[in-house]
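Chain by chain, the residues run as shown.
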Amino acid sequence: MNSIHKAFKIASSEITPPEVYAQRRQWLQLMAGSAAGSLLTAWPEARAAGQAAKLPGAKSAVAGAMVLDKQTSLQDASSYNNYYEFGTDKADPARTAGSLKTQPWRISVEGEVKKPGVFDLDALLKLSPMEERIYRLRCVEGWSMVIPWVGYSLAELITKVEPNSRAKYVEFITLADKKQMPGLDSGVLDWPYIEGLRIDEAMHPLSLLTFGMYGEVLPNQNGAPVRLIVPWKYGFKSAKSIVKIRFVEKQPDSSWMHANRREYGFYSNVNPQVDHPRWSQATERRIGEDGLFTKKRPTLMFNGYEAQVGQLYAGMDLKSNY
Ligand SMILES: Nc1nc2c(c(=O)[nH]1)N[C@H]1C(S)=C(S)[C@@H](COP(=O)(O)O)O[C@H]1N2
Ligand SMILES: [Mo]
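Now for a quick tour of the structure.

Calculation notes
- Residues numbered from 1 in each chain as written.
- Chains lettered and ligands numbered in written order.
- Predicted model: local features only at pLDDT ≥ 70, side-chain atom pairs only at ≥ 80, totals over all residues.
- Heavy atoms only, no water.
- Core = buried A, V, L, I, M, F, W, Y, C linked by side-chain atoms within 4.5 Å.
- Buried < 20%, exposed > 50% of the residue type's maximum accessible area, 1.4 Å probe, protein only.
- Helix = DSSP H or I, 4+ residues; strand = E, 2+ residues; numbered from the N terminus.
- Phe/Tyr/Trp six-rings, centres within 6.5 Å; stacked < 30°, edge-to-face > 60°.
- Lys NZ or Arg CZ within 6 Å of the ring centre and 35° of its normal.
- Near = heavy atom within 4 Å.
- Polar contact = N/O pair within 3.5 Å; in protein donor to acceptor, adjacent residues only side chain to side chain.
- Areas by Shrake-Rupley, 256 points an atom, 1.4 Å probe, with all protein chains shown as cover.
- Nonpolar A, V, L, I, M, F, W, Y, C, P; charged D, E, K, R; others polar.

### Points about the nonpolar core
Moving on, step 1. Of all hydrophobic cores here, the largest spans 83 residues; its most connected members are Phe172, Phe211, Trp232, Ile245 and Phe247.
Moving on, step 2. For this core, the leading source of residues is strand β5 (residues 143–153), giving 7 residues.

Printed below as a string of structure tokens:
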């Protein structure tokens, strides 16, 4: 473990209240027993029957993880989506992502790590106790939602594979399969969809490896079976349906940077003071609050997570590193 890993480990365990430990213990027992197996086999069948498999998580004790804003409805969060592999209209993914096959599923972890490997979904689900985290998600297009996600800190997986000293960045590569994804016929983005983070951003305890939302496994249109949520960055940094994680020395390009380098920078931190060339980022429309006379909300620096993540960018010019 390097010093960043250690600092985060200590910080999160020091503030974990006893009831959270109790919930975690309970969850581990659940996963150790027959429930783990039945959750996994229940996942595709429950989906086919139009019901979601339950995926509970203990309330997170990570600082900043439980936003108090009113939650967006599951209905809105699962029917207004950006998932271009399933079409570019907000309603497309809910309609077409039924063809996504989420089992079997594997994430291959490669590059500058001491212990590369392939993790199947079963192993990933058992790697660390599930937590519920209520995060704001803000899209660069100017809308936002508040969603109770279920998962655990990406740092848990990263620590396991032991990045070496050359691992400065982490690349996330998502599924690209024409047979399952009608949107791949369009040239809107380079496929596979790729995103990247700096290693310390990826190690931050708020970066969530996400398997569920609203106490259930992720709907396909929200990035099943496993995605990233980086709550202080614009939504497009939160890659869906991840199949590969690669540790690299040089800053990677994302699919969005390839599509338009002037509009989408590597960092893409939510910042009300840095406008997108086509849209102001000063305010946002909260989905579900969009009546004719509803006022927009002011967008918060780092999406409201400044106290937790501000120090990652100390001394950086956020206008040139947008
Ligand atoms: N693979 C993949 N991941 C993706 C996208 C995508 O098109 N493909 N869209 C991104 C964008 S622009 C946003 S705003 C969020 C939307 O997540 P949600 O539909 O769960 O709200 O997913 C991000 N992750
Ligand atoms: Mo977005």
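### What about the packing of aromatic side chains?
Moving on, step 1. Overall, the coordinates contain 13 aromatic pairs when judged by the stated rule.
Moving on, step 2. With a centroid separation of 5.4 Å and an interplanar angle of 40 degrees, the aromatic rings of Tyr152 and Phe211 are classed as tilted. With Tyr152 in strand β5 and Phe211 in strand β8 (residues 208–213), this residue pair connects regions lying 59 residues apart in the sequence.
Moving on, step 3. Overall, Tyr152 belongs to the buried group, its relative accessible area being 1%.
Moving on, step 4. Over the aromatic face of Tyr80 sits the side chain of Lys90, whose NZ or CZ is 5.8 Å from the ring centroid.
Moving on, step 5. In this arrangement the basic side chain of Arg136 is found over the ring face of Tyr305, its NZ or CZ atom lying 5.8 Å from the centre.

### A short note on the site of ligand 1
Moving on, step 1. Taken together, 17 residues lie around ligand 1, and Asn81, Tyr84, Glu85, Arg227 and Lys240 are the ones closest in.
Moving on, step 2. Glu85 places a polar side-chain atom, nitrogen or oxygen, 2.8 Å from a nitrogen atom of ligand 1.
Moving on, step 3. Expressed as a share of its isolated accessible area of 530 Å², the protein-covered part of ligand 1 is 99%.
Moving on, step 4. Looking at the shell around ligand 1, its residues break down into 8 nonpolar, 6 polar and 3 charged.

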